[in-house]
Amino acid sequence: VQLQASGGGLVQVGGSLGLSCAASGGTFRDYVMGWFRQAPGKEREFVAGISRGGGSTDYADSAKGRFTIWRHNAKNTVYLQMHSLRPEDTAVYYCAADRYLRGPRFFPSDNSYWGQGTLVTVSS
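I'm lost on the side chain of Arg66 in this one. Help?
Its location among the elements puts Arg66 in the loop between β6 (57-59) and β7 (67-72). A polar atom in the side chain of Arg66 sits 2.7 Å from the side chain of Asp89. Among all residues touching Arg66, those that are not within four sequence positions of it are Gln81, Met82, His83, Ser84, Leu85, Arg86 and Asp89.

Laid out in structure tokens, this is it:
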């Protein structure tokens, strides 16, 4: 499956931003989907995950209460809505897909597919 993330940009502290990730080349509903991010000089970290049907979600502590992940299987797209953004949210955000996970927590593996990343910059 191929993943194309979009929606990144520059936003002020406290602002909101929505990311999208469009999938192609696979049966989207077969995949657990997730969002990760990698800040400069830091390791990639889990942000949010969602089950195949969209009924179960999981968030990193840093994302709870501020970020929302959801998916539209008919549109082959997963979304991440981010509110109350902080400078520490600045990172390249990646979407990921894996058909072998139970979900919604996303544990990357060699079976995972990744999008190209989209940069989110939160200015103070």
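The structure having been displayed, the exposition proceeds.
Would you explain unusual backbone geometry in this entry?
If a residue is not glycine, its phi is most likely negative; likewise, a peptide bond is most likely trans. The omega torsion across Gly103 and Pro104 is 0°, close enough to zero to call that bond cis. In this fold, Pro104 is placed in the loop between β9 (91-98) and β10 (113-114). The backbone phi angle of Asn76 is positive, close to 55°, even though this residue is not glycine. Turning to its location among the elements, Asn76 is positioned in the loop between β7 and β8 (77-82). Residues other than glycine seldom take positive phi values, yet Ser84 does so here, at roughly 50°. Residue position: Ser84 is located in the loop between β8 and β9. Under the relative-accessibility criterion, Ser84 is labelled partly exposed at 41%.

Can you walk me through the sheet that holds strand β3 (residues 17-24) in this structure?
Strand pairing in a sheet relies on backbone hydrogen bonds. The paired strands run either parallel or antiparallel. Strand order in the open sheet formed by 4 strands is β1-β3-β8-β7, with antiparallel pairing between adjacent strands. The open sheet has two free edges, formed respectively by β1 (2-6) and β7, since each of these has just one partner strand. Here the average twist between neighbouring strands, direction ignored, is 15°. In terms of strand pairing, β7 meets β8 through 6 bridges, oriented antiparallel. Looking at β8, one finds that His72 is bridged to Thr77.

Help me out: how do you make sense of the environment of Arg71 in this one?
Topologically, Arg71 is positioned in strand β7. For the pair Arg71 and Val13, spaced 58 residues apart in the sequence, the C-alpha separation amounts to 26 Å. At 2.9 Å, the side chain of Arg71 forms a polar contact with the backbone oxygen of Phe28. One polar contact links Arg71 to Asn73, side chain to side chain, over a distance of 2.7 Å.

Conventions we followed
- Residue positions are counted from 1 within each chain, in the order its sequence is given.
- Local features in a predicted model are, by the rule used here, given only for residues with pLDDT of at least 70; side-chain atom pairs are given and counted only at 80 or more, and totals for whole chains, interfaces and linings are based on all residues.
- Side-chain calculation: all heavy atoms of the structure are included, whereas hydrogens and water are not.
- A run of H or I in DSSP counts as a helix once it spans at least four residues, and a run of E counts as a strand once it spans at least two, with each numbered from the N terminus.
- Identification of polar contacts relies on pairs of N or O atoms within 3.5 Å, with a donor-acceptor requirement for protein atoms, meaning one able to donate a hydrogen and the other able to accept it, and with residues adjacent in sequence counted only if both atoms are side-chain atoms.
- Contacts between residues were defined by any pair of non-hydrogen atoms, one from each residue, lying within 4.5 Å.
- Each residue is assigned to one of three classes by its accessible area relative to the maximum for its type, calculated with a 1.4 Å probe on protein chains only: buried under 20%, partly exposed between the two thresholds, exposed over 50%.
- The rule for pairing is simple: two strands pair if DSSP sees at least two bridges between them.
- Every angle, taken between N-to-C directions, lies between 0 and 180 degrees, and every axis is a line fitted to C-alpha atoms, over only the stretch in contact when it is a helix.

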